[in-house]
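# Architecture at a glance
If you want the building blocks of each chain, they are given just below.
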Amino acid sequence: MGWMSKVKVVNLVKRFDKTVAVNGVNLDVGDGEFVVLLGPSGCGKTTTLRCIAGLETPDEGEIYIDDNLVNDLPPKDRDIAMVFQNYALYPHMKVYDNLAFPLRMRKYPKQEIDRKVREVAKLLNISHLLDRKPRQLSGGEQQRVALGRALVRTPKVFLMDEPLSNLDAKLRVYMRAELKKLQKDLKITTIYVTHDQAEAMAMADKVAVMNKGKVLQYDAPTVIYEKPADMFVGGFVGSPPMNFIKASVSEKDGQITLVSELFSYQLDPELSKIVREGLTGGEVYLGVRPEDLVLSREKTPQSVFQAEIYVLEPMGSNIIVDLKAGEYLLKAVVPPTADLRFGERVWVGFMAGRYHIFDAKTEKALV
Ligand code: ATP
């Protein structure tokens, strides 16, 4: 479509008085990629996006769009379109005029405005709404008009800050697929901010997981999920979240055993080697996702410790099982057909090769 573009952020730092909102962010966004900035409230996602848009001035670092340094370019010259959380449409204007507004501002000829408005309306399936006012639209329709207003100028880069957050849960899930489809069709380089890990996983080509002004991991969603770089990423992505069990490391004849309140668990020679080489202290966290805990009534070769079924949460497509073991409350996910009862004791094991080991001091992944 000829409106592809790339974005590069190098060592971006932004402070507000004593708050370091963004603390050395690097980001490489390829042509036509959909990148999601994911992280908890206050981690610096919005500030990063606003720096890219030119709405904030970085204290340090560089921002490139298509290899051009844009630090000193005002927002209007960056060829970027931004959609915010509250995608305020002009309430007194019809949808048509809302869409036409950015083009009128830039003094496009009337015929071209009409052509572009109708083209974008068709693309977003809002052609039948052009004569309505925003208050006569549903949330999803308003959302599409807001997207249309951002798209009508065919920007180089699309920046979106929680654009679906005002929608109800069902519409959100519908719109996120629509938005992804649209982005894939148009191939517009997009940077999208959300604190919703499911949204990030569902939409992104690559996810940048942020915390405290830093990017902790920048990878494809499956890599983020399967190989989290540290405990924060492991715990933030996935629902219910990853279980963590603290253990000390004891070594005998070259083989490592993890000793926790719940179990002693021997690692095979290969894993022993990796853990030994990466370890900074004597303690680790074993991280296991709920779907990778294996429950059984009888003891099996896989069984590692016993737990009591504390709560059962039937979700329809699966059951979330809350397990009480020592001081821990762990979560497992089992098929809806599993025959389990409140209060009963079960054996818990780990799916082979599906657990993570994090250094307790650095919180970085060893395995
Ligand atoms: P949220 O999901 O809540 O929007 P976020 O990850 O987008 O969070 P930012 O809005 O980038 O986070 O904020 C990062 C930090 O910078 C926060 O501590 C915030 O309070 C602070 N901050 C952001 N904007 C300003 C400002 N204009 N003045 C002072 N502090 C600010």
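Nothing here was measured: the structure is a model prediction, and the numbers come from that model.

## Considerations on the pattern of salt bridges
Any two side chains of opposite charge can pair, on the condition that their charged atoms come close. As enumerated under the stated definition, the model contains 24 salt bridges in all. Measuring nitrogen to oxygen at the nearest pair gives 3.7 Å for the salt bridge that ties K6 to D67. Taken as a pair, K6 in the segment before strand 1 (7-16) and D67 in the loop between strand 4 (60-65) and strand 5 (68-69) lie far apart in primary sequence, 61 residues in all. According to the relative accessible area criterion, D67 is exposed, its value standing at 59%. The partner of K76 in a salt bridge is D77, with the nearest N and O atoms 3.5 Å apart. Its relative accessible area of 42% is what places D77 among the partly exposed residues.

## A look at the site of the ligand
Surrounding the ligand, one finds F16, T19, A21, P40, S41, G42, C43, G44, K45, T46 and T47. Here an oxygen atom of the ligand sits 2.6 Å away from a polar atom, N or O, in the side chain of T46. Compared with its free state, where it exposes 630 Å², the ligand has 59% of that area covered by protein. For the shell around the ligand, the elements supplying multiple residues, two or more each, are strand 2 (19-29) and helix 1 (45-53). The dominant element in the shell around the ligand, judged by the number of residues it contributes, is helix 1, at three residues.

## Considering the packing of aromatic side chains
Across all of its chains, the model carries 11 aromatic pairs by this definition. Measuring from ring centre to ring centre gives 4.7 Å for Y90 and F101, while their planes differ by 55 degrees; the resulting arrangement is tilted. Highlighted residues: Y90 in the loop between strand 6 (80-83) and helix 2 (95-105) and F101 in helix 2, separated in sequence by 11 residues. Accessibility expressed as a relative area gives 30% for Y90, which makes it partly exposed. Relative to Y265, the ring of F263 lies with its centre 6.3 Å away and its plane at 75 degrees, an arrangement referred to as edge-to-face. The burial state of F263 is the same as that of Y265; both residues are buried. An aromatic cluster of three or more residues is present, and its members are F263, Y265, F305, F350 and Y355.

## Some details on the environment of G54
As for its position among the elements, G54 is in the loop between helix 1 and strand 4. Along the sequence, G54 and P163 sit 109 residues apart, while their C-alpha atoms lie 19 Å from each other.

## Topic: the environment of V207
Note on placement: V207 falls in strand 9 (residues 206-211). Those residues in contact with V207, other than ones at most four positions away along the chain, are V36, L38, A200, Q217, Y218, D219, P221 and I224.

## Structural notes on the side chain of R78
Looking at where R78 falls in the secondary structure, it is placed in the loop between strand 5 and strand 6. Look at R78: it is buried, it has no salt bridge, and the nearest opposite charge is D72 at 6.9 Å. Within the structure, the side chain of R78 is placed 2.8 Å from the backbone oxygen of V70, a separation counted as a polar contact. Excluding residues within four positions of it along the chain, R78 makes contact with C51, I52, A53, G54, I65, V70, N71 and L73.

## Details of the side chain of K45
In this fold, K45 is placed in helix 1. Engagement of the side chain of K45 in a polar contact is seen with the backbone oxygen of G39, the distance being 2.9 Å. A polar contact is formed between the side chain of K45 and the backbone oxygen of P40, at a distance of 3.1 Å. When neighbours within four sequence positions are excluded, K45 is seen to be in contact with L37, L38, G39, P40, E162, V193, T194, H195 and M210.

## Overview of the domain arrangement of the protein
For the protein, the domain assignment lists domain 1 (7-233) and domain 2 (243-359). Across the contact, six residues belong to domain 1 and seven residues belong to domain 2. Buried surface at the junction of domain 1 and domain 2, both sides included, amounts to about 670 Å², of which 57% is carbon and sulfur. On the domain 1 side of the contact with domain 2, Y225, E226 and M231 bury the most area, a combined 79% of that side's loss. Applying the counting rule to domain 1 against domain 2 returns one salt bridge. In this structure, R354 and E226 form a salt bridge, with 2.9 Å as the shortest nitrogen-oxygen distance. At the junction of domain 1 with domain 2, the criterion picks out three residue pairs in polar contact (both at pLDDT 80 or more). The biggest single contributor to the side of domain 1 that touches domain 2 is helix 7 (residues 221-226), with three residues. Here the side of domain 1 that touches domain 2 is composed, by residue class, of four nonpolar, no polar and two charged.

## Details of the nonpolar core
Counting 45 residues, the largest nonpolar core has L99, L147, F158 and Y192 as its most contacted members. Leave out the neighbours within four places in its chain, and Y192 touches F34, V35, V36, L37, M160, P163, L164, L179, E199 and M203. Core analysis: the next-biggest nonpolar cluster, separate from the first, contains 35 residues, L258, Y265, L323 and L330 among them.

The rules we used
- Residues numbered from 1 in each chain as written.
- Predicted model: local features only at pLDDT ≥ 70, side-chain atom pairs only at ≥ 80, totals over all residues.
- Heavy atoms only, no water.
- Salt bridge = Lys/Arg side-chain N within 4 Å of Asp/Glu carboxyl O.
- Helix = DSSP H or I, 4+ residues; strand = E, 2+ residues; numbered from the N terminus.
- Buried < 20%, exposed > 50% of the residue type's maximum accessible area, 1.4 Å probe, protein only.
- Near = heavy atom within 4 Å.
- Polar contact = N/O pair within 3.5 Å; in protein donor to acceptor, adjacent residues only side chain to side chain.
- Areas by Shrake-Rupley, 256 points an atom, 1.4 Å probe, with all protein chains shown as cover.
- Phe/Tyr/Trp six-rings, centres within 6.5 Å; stacked < 30°, edge-to-face > 60°.
- Contact = heavy atoms within 4.5 Å.
- Lys, Arg positive; Asp, Glu negative; His and termini not counted.
- Domains from an automatic or database assignment.
- Buried area = accessible area lost by both parts, 1.4 Å probe.
- Nonpolar A, V, L, I, M, F, W, Y, C, P; charged D, E, K, R; others polar.
- Core = buried A, V, L, I, M, F, W, Y, C linked by side-chain atoms within 4.5 Å.

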